[in-house]
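# Residue-level structure breakdown
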Amino acid sequence: MAGAFLSASLQVLLERMASREVLAFLRGQKPVGDKLVRKLKMKLLAVHAVLDDAEAKQFRKPSVKIWLDDLNDVVYDAEDLLDEITTEALRCKMEYSGADQTGVTEVRDIISASLYPFSERIESRIEEITDKLENLSQEKDVLGLKIDVGEKLSKRRPTTSLVDESKVCGREGDMKEIVEYLLSHNVSGSRMGVMALVGMGGIGKTTLTQLIYNDKKVTECFDLKAWVCVSDEFDLVRITKAILKAIDSGTFGDDDDLNLLQVKLKERLYRKKFLVVLDDVWNEDYDDWDLLQKPFSVGLNGSKILVTTRSDKVASVMRSVRNHHLGQLSFEDCWSLFAKHAFENGDSSLYPELEEIGKEIVKKCKGLPLAVKTLGGALYSELRVKEWKNLLNSETWDLPNAEILPALRRSGVKEMSCKMDTLKSLQKLSNYRVGKQSGTKIAELRELCHIGGSLGIHELQNVVNAKDALEANLVGMQYLDELELEWNPFGDVGGQPDMVLNNLQPHSNLKRLTINRYIGSRFPNWIRDPSILVNMVTLRLWDCTNLNQDGGFPVLKELYLVKCPKLVGALPNHLPFLTRLDIQQCEQLVAPLPRVPTIRTLTIPNREITEWKELPQLLRDLSIENSYSLGSLLEEGMLQSNTHLQDGDLTSLTLNLPEYHIFGCKKLKWLLHNAACFEWFELTDCPELIFPIQGLPSSLTSLSIASCDKLTSQMESGPQPLAFLTSIEIAGLPNLMSLDVL
């Protein structure tokens, strides 16, 4: 988890711990007590305070990266704990409020008796999490992590003069201007001229300089050329030696005598026309530059030094006679660059939905080609719309400019292609891409018997022999919490996917399982048998072709079934702790949905909800796919919480909830609402809608309306003004002429 997301998760966790229902429940449990909860909170605050520093240092200190991963795991555990506490508190409240006066005492006694073992277990888990945080707090001191200190991000990787011209877009005008200067004589009378290419990080200075360095006219103009990546440390010996090596094939051994090196360099440059590129210069000390350039004075007129830097002061210190400020890349060039890296042969026409999202991502890159290239490469072969949307909506965009590129580069899924026997102590591996060559086969994973946290295995279609999957020994990874298995249906299928998945059975301690784009015909017994994965709390099945699932999972809390068009059979029927159920684009699913009273977030097709007489009492968020004929549900008061409606034949709607998201209801004409609770309203692509008959409710805090062609020419509020409105967004309303709501 990136530092920004981890920080946000910790913040939410701290807020949940301070919520009224959690505090009230814990205070009533004597074995737990306020003292233990306060201790847990203090430990969370202690590690939260050094997150900025850890985020910066992780790039050059692997031990800090491991520390962040360990903290992420503890945060997951704490979130699970709070989920249990919240659910138990609501259960007790419902049981107590449901009893009549004569049975109150009896119910209170029953609840107290049932809560004692629960409280003991909660106390044990709080102590366990607190101990882990205590260890992390001690480790942060050993690692030198400081409060509110963000070190400068790690040194950039070294550059070379080589460039793939087919992957470069734009910059023709910049290149022409700089080349013209390099080919010119030095009008000032000096034998050597300095030009500085100045621009912010990621703007493309190095790539443009590489193109110029390899230009045919430039190569023919100079007798000698040298490329040196300077970066943060302006080491005179290293730079001088690098120039010498570039222009002379001779060897210089370990000679670090600057005097001897400069004498040799002066001899090589004598009466030669040379070009020296100093890439990524940060040093602002004039004395260093003055000493470095002494051997350059013996070259022929027309010799040039080309410097790339982020700083105008550096250009001034190096006595640049001409500064070229590099601006942002145009959107058209950015999109061409993105497509080259994100799509096979740069062709996005086969994926119109991804193309649309990709263009929005490119806009957020704000003309920075490095960000465009990084994200395009990260999304290559990723065909899940959800993942593209996740990146588009990532909190990473809210980071300061200096932190965006490293965060995007990290979040954009590094491949592992080395021998696993050298990584026996690895604790987390989020993206292992299976290959067919030695070093990348799935059997290599057998060495990671101590891996903890998460393991992601991708490109499983490359498993040629199902026995290799068995050799990976996932069932022996007892410390593994989270497992993701993914096939690429567009790759060459090398083996039997049914057998491969069967042989990838994980240990029973696994908590979270995700299976993406499984191309087999059936699921193995270890998924269907509820007695095997007894500790699993989250199951995600994405874009799978066939499902024959029965049984259940005793402690499952979240179940996601998305884009499984041939999903058939019965769903798990024993899900006593399920709090989230998400079913989308599963057209052939005809089995009845599980009726679980603990569900709080529900996303299901309309045809299923119309069969229900009532919704779960704890439900807080409801999304309905293909919302046909929902009028009766609303009239009967079934919908008690936030509702999302999409793609239906609904013609009239009564709004009784605090939050509504209504999309693509083509025939919707009328809206009624209960103004007492209506707070959030998002309405998109409802071309027949007139508007709420009573006007907008005064309780509204957020309003978003788009593409509603027949909306009346005047948008009015109700009897009272919209005193609480904090956000309004309106687009695509051709008949709207006034905003009296404001």
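Position numbers for residues count from 1 along each chain, tracking the sequence in the order it is written. The model is predicted, so local features are restricted to residues of pLDDT at least 70 and side-chain atom pairs to those at 80 or more, both for listing and for counting; the totals for chains, interfaces and linings are taken over all residues. Note that water and hydrogens are dropped before the side-chain values are worked out from all heavy atoms of the structure.

This brings us to the nonpolar core. Note on soluble globular proteins: their nonpolar side chains tend to be buried together. What is meant by a nonpolar core is a set of buried Ala, Val, Leu, Ile, Met, Phe, Trp, Tyr and Cys residues, joined one to another through side-chain atoms within 4.5 Å. Only protein chains enter the calculation, and the probe is 1.4 Å; a residue is then buried if its accessible area is under 20% of its type maximum, exposed if over 50%, and partly exposed in between. Core analysis: the biggest nonpolar cluster contains 50 residues, and Ile457 and Ile515 have the highest contact counts within it. Here a helix means four or more residues in a row that DSSP labels H or I, a strand means two or more in a row labelled E, and each is numbered from the N terminus. Among the elements that line this core, the one with the most residues is strand S8 (residues 480-486), at three residues. Discounting chain neighbours no more than four positions away, the residues touching Ile457 are Tyr432, Val434, Ile442, Leu445, Leu474, Leu483, Glu484, Leu485 and Glu486. Two residues qualify as a contact provided that any one of their heavy atoms is within 4.5 Å of a heavy atom in the partner residue.

Should DSSP find at least two bridges between two strands, the strands are regarded as paired. One open sheet holds the five strands; their spatial order is S2-S3-S4-S1-S5, and the pairing between them is parallel. The open sheet has two free edges, formed respectively by strand S2 (224-231) and strand S5 (322-325), since each of these has just one partner strand. This sheet shows a mean twist of 15° between the axes of neighbouring strands, independent of strand direction. Angles here are taken between N-to-C directions and fall from 0 to 180 degrees, while the axes themselves are lines fitted to C-alpha atoms, restricted in helices to the stretch in contact. This element, helix H8 (residues 205-213), spans strand S1 (192-198), S2, strand S3 (274-281) and strand S4 (303-309) of the sheet and lies at about 170° to S2. This element, helix H10 (residues 236-247), spans S2 and S3 of the sheet and lies at about 150° to S2.

Time to look at the environment of Pro530. With respect to the secondary-structure elements, Pro530 resides in the loop between helix H21 (525-528) and strand S10 (538-542). Sequence separation between Pro530 and Val555 is 25 residues, and the spatial gap between their C-alpha atoms is 9.9 Å.

Ring pairs are drawn from Phe, Tyr and Trp, using the six-membered ring of Trp, whenever the two centres fall within 6.5 Å, and their geometry is named by plane angle: stacked under 30 degrees, edge-to-face over 60, tilted for the rest. Summed over the entire model, instances satisfying the criterion amount to nine aromatic pairs. Ring centres of Phe338 and Trp388 lie 6.0 Å apart, and the angle between their planes is 80°; on these two criteria the pair is classed as edge-to-face. You can see Phe338 sitting in helix H14 (residues 331-342) and its partner Trp388 sitting in helix H17 (residues 385-392), a full 50 residues away along the chain. Aromatic pair Trp542 and Tyr560: ring centres 6.3 Å apart, planes at 25°, arrangement stacked. Taken as a pair, Trp542 in strand S10 and Tyr560 in strand S12 (residues 558-562) lie far apart in primary sequence, 18 residues in all. Relative accessible area serves as the criterion here: at 13%, Trp542 is assigned to the buried category. By relative accessible area, which is 8% here, Tyr560 ends up buried. Ring pairs connect the aromatic residues Trp335, Phe338, Phe343, Tyr351 and Trp388, which therefore count as one cluster. Ring-over charges, as used throughout, are those where CZ of Arg or NZ of Lys falls within 6 Å of the ring centre and within 35 degrees of the ring normal. Lying across the ring of Phe222, Lys273 places its NZ or CZ 5.6 Å from the centre.

So, on to unusual backbone geometry. Of note, Arg171 is a non-glycine position whose phi angle comes to about 75°, a positive value. Among the secondary structure elements, Arg171 is positioned in the loop between helix H6 (104-142) and helix H7 (172-182). Assessed through its relative accessible area of 11%, Arg171 is described here as buried. Positive phi, normally seen in glycine, also occurs at Glu459, with a value near 60°. Relative to the helices and strands, Glu459 resides in the loop between strand S7 (453-458) and helix H19 (466-471). Classification of Glu459 as buried rests on a relative accessible area of 14%.

Looking now at the packing of H10 against helix H11 (residues 258-269). Packed helices, taken two at a time, are described by the angle between their axes plus the distance between the axes. Packing of H10 against H11 brings their axes to within 10 Å, and their N-to-C directions diverge by 30°. H10 and H11 meet at a crossing whose hand is left-handed. Here Leu236, Val237, Thr240, Lys241, Ile243, Leu244 and Ile247 of H10 come into contact with H11, specifically with Leu258, Leu261, Gln262, Lys264, Leu265, Arg268 and Leu269. Throughout, the ten residues Ala, Val, Leu, Ile, Met, Phe, Trp, Tyr, Cys and Pro are labelled nonpolar, Asp, Glu, Lys and Arg are labelled charged, and all others, Gly among them, are labelled polar. Taken together, the residues of the contact of H10 with H11 sort by class into nine nonpolar, two polar and three charged. For any pair of crossing helices, the crossing counts as left-handed if the nearer helix is rotated counterclockwise from the farther one by less than a right angle, and right-handed if it is rotated clockwise.

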